[in-house]
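# Coordinate analysis (summary)
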Amino acid sequence: MLRDITIGQYFPGDTIAHRLDPRTKLILTVVYIAALFSAKSWTSYALMAAVLLGMIFVSKIGAGTVFKSIKPILAVIVITVLLSVFFTRGEHVIARVWIFTLTREGIIQAARMGVRLIMLITGTFLLTYTTSPIALTDGLESLFGPLKKVKFPVHEMAMMMSIALRFVPTLIEETDKIMSAQASRGADF
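Residues numbered from 1 in each chain as written. Predicted model: local features only at pLDDT ≥ 70, side-chain atom pairs only at ≥ 80, totals over all residues. Heavy atoms only, no water.

## Things to note about unusual backbone geometry
Unlike most non-glycine residues, K60 shows phi in positive territory, near 55°. With respect to the helices, strands and loops of the structure, K60 is situated in the loop between helix 3 (42-59) and helix 4 (63-68). (Helix = DSSP H or I, 4+ residues; strand = E, 2+ residues; numbered from the N terminus.)

See below:
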């Protein structure tokens, strides 16, 4: 049932994306996210999508696996897009029903938001797919090392991230077992 969920999983491999230093991957991911949120035109979204598809190709994870990771979060994306469609004000009103107003600007804003969210999720999942949780923890701790001088609990923060990443697959597996056991007893989901 939940076997398609790949959140937080690491897929071992011997590609350039896998061998890249985790600090570099973290920095590149932050740059990718910043570029994604500063993108204003469809051309810039196309460029970001090309970068993302290039990274998927280089990592050899497989586009099916990467895009399958969006499935569990699809409901949140759809709700966000619908809220944006109906609650973004604009000059070109297409339809009004009760408190909902459908505008041309709302549709454009919702499309941009949906594309941005999908590319954001896919890009960050690609980081966890190609970096082991231990390497990711070490990279985070190394990058935030200078904050130790101001008494920031860098090691504890990195450890919390490691534990969270480590136990997401375990939590999904346990949830799947519970759902299977309840389904065998006649419970319906």
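## Details of the pairing of strand 1 (residues 93-97)
Within strand 1, only zero of the five residues are buried, which leaves the element largely exposed. Here four bridges tie strand 1 to strand 2 (residues 100-103), and the two strands are oriented antiparallel to one another. Considered in strand 2, the bridge of V93 is made with T103. The hairpin formed by strand 1 and strand 2 contains two residues between the paired strands, and W98 there has a positive phi angle of roughly 55°. (Buried < 20%, exposed > 50% of the residue type's maximum accessible area, 1.4 Å probe, protein only. Pairing = 2+ DSSP bridges.)

## Some details on the packing of aromatic side chains
Enumeration according to the criterion identifies three aromatic pairs in this entry. Look at W42 and Y45: their rings are 5.5 Å apart centre to centre, the planes differ by 50°, and that puts the pair in the tilted class. You can see W42 and its partner Y45 sitting in helix 3, three residues apart, about one turn around the helix. Overall, W42 belongs to the partly exposed group, its relative accessible area being 43%. Aromatic side chains F125 and Y129 sit 6.2 Å apart centroid to centroid with 45° between the ring planes, which places their arrangement in the tilted category. Here F125 pairs with Y129, and both are found in helix 6 (residues 104-130), just four residues apart, close to one helical turn. Its relative accessible area of 10% is what places F125 among the buried residues. Site record: aromatic cluster; members linked through ring pairs are F11, F125 and Y129. (Phe/Tyr/Trp six-rings, centres within 6.5 Å; stacked < 30°, edge-to-face > 60°.)

Bear in mind that shape data such as this cannot, by itself, settle questions of function.
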